[in-house]
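Descriptive structure summary
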Amino acid sequence: MIGTNLISICSMKPSPRMLISCKNSSSFLARCHPTTPRAMSNNLSSTNNIHYPLRMLGFARIMNGNHRAFRLPSSRYFSHLTSRPQIFRSPAATRINGDVTTATVNELGLKPRKSSVNDKKNLEIEKVYIKTDNGIDEKQLVVEKSADKESELEAGGEEDNARSENKVSEGVAAPIINNNGEEETDVEREAWKLLQEALVTYCDTPVGTVAANDSSEESLNYDQVFIRDFIPSALAFLLKGENEIVKNFLLHTLQLQSWEKTVDCYSPGQGLMPASFKVKTMQVDEEKVEEVLDPDFGESAIGRVAPVDSGLWWIILLRAYGKLTGDYSLQERVDVQTGLEMILNLCLTDGFDMFPSLLVTDGSCMIDRRMGIHGHPLEIQALFYSALRSAREMVKVDDGSKNLVREINNRLSALSFHIREYYWLDMKKMNEIYRYKTEEYSLDATNKFNIYPEQIPLWLMDWVPQEGGYLIGNLQPAHMDFRFFMLGNLWSIVSSLGTPKQNKSILNLIEAKWDDLVGHMPLKICYPALESEEWRIITGSDPKNTPWSYHNGGSWPTLLWQFTLACIKMGRTELAEDAVALAEKRLPVDSWPEYYDTRTGKFIGKQARLYQTWTLAGFLASKMFLKNPETAAMLCWEEDLEILETCACALSKSGRAKCSRDAAKSQILV
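Computed from a predicted model, the values in this text were never measured in an experiment.

1. Quick look at the overall build of the protein chain
Each helix and strand in the protein chain was counted, giving 25 helices and 21 strands. Across the 670 residues that make up the protein chain, the buried fraction comes to 55%. Nonlocal contacts in the protein chain, meaning residues at least 24 apart in sequence, comprise 72% of its contacts between residues at least 6 apart. Summing over all exposed atoms, the protein chain offers an accessible surface of approximately 30,400 Å²; the carbon and sulfur share of this is 50%.

2. Focus on the packing of aromatic side chains
Taken as a whole, this structure holds 22 aromatic pairs when the rule is applied. Measuring from ring centre to ring centre gives 6.2 Å for W192 and F237, while their planes differ by 55°; the resulting arrangement is tilted. Note that W192 is positioned in helix α6 (residues 186-197) and F237 in helix α7 (residues 227-240), a separation of 45 residues in sequence. Residue W192 is classed as buried on the basis of its relative accessible area, which comes to 3%. For F237, a relative accessible area of 0% translates into the label buried. With a centroid separation of 6.3 Å and 50° between ring planes, the pair formed by W313 and W561 is classed as tilted. A residue pair is termed long-range when its members are at least 10 positions apart, and W313 in helix α9 (residues 308-325) and W561 in helix α20 (residues 560-569) qualify at 248 residues. With respect to class, W313 is no different from W561; both count as buried. Aromatic rings pair up to connect W459, W463, Y470, F484, Y527 and W548 into one cluster. Taking the ring centre of Y550 as reference, the NZ or CZ of K544 above it sits at 4.3 Å. Positioned over the ring face of Y222 is R609, at 4.3 Å from the centre of the ring.

3. Looking at helix α22 (residues 613-627)
Taking 1.5 Å per residue as the helical rise, α22 with its 15 residues ought to reach 21 Å, and the 21 Å between its terminal C-alpha atoms agrees with that figure. In terms of burial, α22 is a largely internal element, 14 of the 15 residues being buried.

4. Brief notes about the nonpolar core
Grouped together as the largest cluster of nonpolar side chains are 160 residues, with contacts concentrated most on L344, Y470, W491, F563 and F625. Excluding residues that lie within four positions of it along the chain, W491 makes contacts with W313, I316, A382, L383, S386, W561, Q562 and W637.

5. What about a nonpolar patch on the surface?
Where nonpolar side chains cluster on the molecular surface, the patch consists of Y434, L458 and M461 and spans about 350 Å² of accessible area. You can see L458 is positioned in helix α15 (residues 458-461). L458 gets classed as exposed once you look at its relative accessible area, which sits at 72%.

6. Topic: the packing of helix α11 (residues 334-347) against helix α13 (residues 402-422)
Two measures define how a pair of helices packs: the angle their axes make with one another and the distance between the axes. Where α11 meets α13, the axes come as close as 11 Å, and the angle between the chain directions of the two elements is 50°. Relative to α13, the element α11 is oriented oblique. Crossing angle aside, the handedness with which α11 passes α13 is left-handed. On α13, the residues that touch E341, L344, N345 and C347 of α11 are L404, I408 and R411. Across the contact of α11 with α13, the residue classes tally to four nonpolar, one polar and two charged.

7. Concerning the pattern of salt bridges
One pass over the structure, following the stated rule, counts 21 salt bridges. Salt-bridge contacts for E642 lead to R392; the nearest nitrogen and oxygen are separated by 3.6 Å. Taken together, the residues E642 in helix α24 (residues 641-645) and R392 in helix α12 (residues 378-394) connect sequence positions 250 residues apart. For R483, the salt bridge identified is with D481, shortest N-O distance 2.7 Å. Taken together, the shared-partner salt bridges connect E188, E584, K623 and K627 into one network.

8. Section: the side chain of S495
Along the chain, S495 turns up in the loop between α16 (486-494) and α17 (500-512). Its relative accessible area of 0% is what places S495 among the buried residues. Sequence-distant contacts of S495, that is, excluding residues within four places in its chain, are made with A382, Y385, S386, R389, K569 and W637.

9. A look at the environment of R420
Residue placement: R420 occurs in helix α13. Since its relative accessible area comes to 1%, R420 is described here as buried. Linking R420 and L497, residues 77 residues apart in sequence, is a C-alpha distance of 7.4 Å. Of note is the side chain of R420, whose polar atom sits 2.9 Å from the backbone oxygen of S496. One polar contact links the side chain of R420 to the main-chain carbonyl oxygen of G498, over a distance of 3.3 Å.

10. Concerning the packing of helix α21 (residues 573-586) against α22
Contact pair α21 / α22: the axes reach a minimum separation of 11 Å and the direction vectors enclose 140°. On the basis of the axis angle, α21 is oblique to α22. α22 is crossed by α21, and the crossing has left-handed handedness. Facing α21, whose interface residues are T573, A576, E577, V580 and E584, α22 presents F619, S622, K623 and L626.

11. With respect to the side chain of T615
Locating T615 in the fold gives a position in helix α22. On the accessibility criterion, T615 (0% relative accessible area) is buried. There is a polar contact of 2.9 Å between the side chain of T615 and the backbone oxygen of P593. Beyond its immediate chain neighbours, meaning those up to four positions away, T615 contacts P557, T558, L587, W592, P593 and E594.

Thresholds applied
Residues numbered from 1 in each chain as written. Predicted model: local features only at pLDDT ≥ 70, side-chain atom pairs only at ≥ 80, totals over all residues. Heavy atoms only, no water. Helix = DSSP H or I, 4+ residues; strand = E, 2+ residues; numbered from the N terminus. Buried < 20%, exposed > 50% of the residue type's maximum accessible area, 1.4 Å probe, protein only. Contact = heavy atoms within 4.5 Å. Areas by Shrake-Rupley, 256 points an atom, 1.4 Å probe, with all protein chains shown as cover. Phe/Tyr/Trp six-rings, centres within 6.5 Å; stacked < 30°, edge-to-face > 60°. Lys NZ or Arg CZ within 6 Å of the ring centre and 35° of its normal. Expected span 1.5 Å × (residues − 1). Core = buried A, V, L, I, M, F, W, Y, C linked by side-chain atoms within 4.5 Å. Patch = residues over 30% accessible without salt bridge, like charges linked within 9 Å, V, L, I, M, F, W, Y side chains within 5 Å. Salt bridge = Lys/Arg side-chain N within 4 Å of Asp/Glu carboxyl O. Axes fitted to C-alpha atoms, helices over the stretch in contact; angles between N-to-C directions. Parallel < 35°, antiparallel > 145°, perpendicular 65-115°, else oblique. Left-handed = near helix turned anticlockwise from the far one by under 90°. Nonpolar A, V, L, I, M, F, W, Y, C, P; charged D, E, K, R; others polar. Polar contact = N/O pair within 3.5 Å; in protein donor to acceptor, adjacent residues only side chain to side chain.

Without other data, these values stay purely geometric and don't point to any function.
Structure follows, in structure tokens:
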């Protein structure tokens, strides 16, 4: 029976350091040792087709004799749910196999930032002849051609080659055509090569990418596979058609979810996803070794903080996998549905909070150090909203899940109203706050959070443009964090957490404050930085988060792919193109650093790791989204009027309950 093979829940909690294992002989160790990603990449680049069999190898926990076995369902059970193993292709194999005999394209140049998507372009059809085994294959290529450059194009010969070399040295690479018929620059090919070298294998299958491959620094935890860091890598692989690595990642991290996580004899709730995991080897006896997955749920992290965003990112990636591959069978699996419901139940658990937003501590997301974001940070709320909308599409509706679906709908409605009404800030809203009365005790109070007007910082009054606005970083009783946090605002656009008018205003602000938020390298993680006494009090004098560095106003290139998604959704592709062009000039020259320092992002971060995987993966994903905007549209959400009309107050029989949305409904629906 299938029921006898399904994942069973242990009657006793396993050891805190239990590990998923894959048994191997000692001769197998050299082939899949986790510390040899570069060697693996060399093997990949030497052949075009590498087979990674997606075998259900079986998992076992390291446990005491009293613990029950933990195994995946039998292969017979999965046979109707999983497709046949696919070929995993090396990015290096995407180049044209054969010599390009003729390929004439014009010299590339950086677009001015103020360019418009409506500008008329002079397009010309160029013929590209490719030598193949079957002869000469003629393809057509549409390229942009400037009239004043026509004479240079006709010159050809050595001058064309010289220009190509100059463009590479300047960071603007000459394009070639890949197997998909798309232009691919030298910078993109370099990024793909580095991404391949960052692959981590487990039991002879790729399961993720390391955080960084910087051999000049001590690895610390940068040799681990982080869930949040892998998201741009996963999207790049999916857009490239290499789906198995993402499927492996989703399934393996799912198995880590149900383990015991303990800090000082206390365990958080079920459903928590790990921040990261690492592949290790264990000597079983003199002849056998095992590969094991060793997860970190925060018990080894700085500050020992649980990663709240990991589960949210996992749900978002699960939806993206279905959207980009067309394979929805993964979402329908029993174990995946169970894991999905466990994450949702953990997030939707009732507590003491009066608000629909998630209450978290400092360091529970991308900003994983003390930065004064404890409470209800925008980043977590935007990811929470995106995860709920993703789950709403994927949860199987039946008698067992109907209550969960109802909770999802109610929370989506309440959270949408809460963020749009209380987090939004533009000149009009700022003037309202400036005139707030305090100490209001009433159901009809205007200043519901008792915000004191003196909290408005002086820099803010002249910073917000007339046609722009943004969602503030945090909101708590008597406290508004007026800092601009990039990731939360971008995901509010992508998920339609903000209204269409608000989303448009956010991009207007980014364009108007380009020098502050983009500068020499996109994009600022937050603005402005905490300085002087404020820095000492809020960060605890953190030497890594000094002003305009790291999380405290540093510039993070990995945010580029999220910015690209938001721009494509709102029809502002030119902003994304300008940001990508800016990054493409510097990133390969600077060896793909983790982040940049100074007010305008001019210097490589003082403690930044080089060859940071999500930096180069974010760049690749951005380029691919711009080439195929329809794929970006598949990952975004449009306004859902059903969510806006749903209100839990309508389900209440209490006459005391009064819906506060009526007064603001006209604002919500714009």
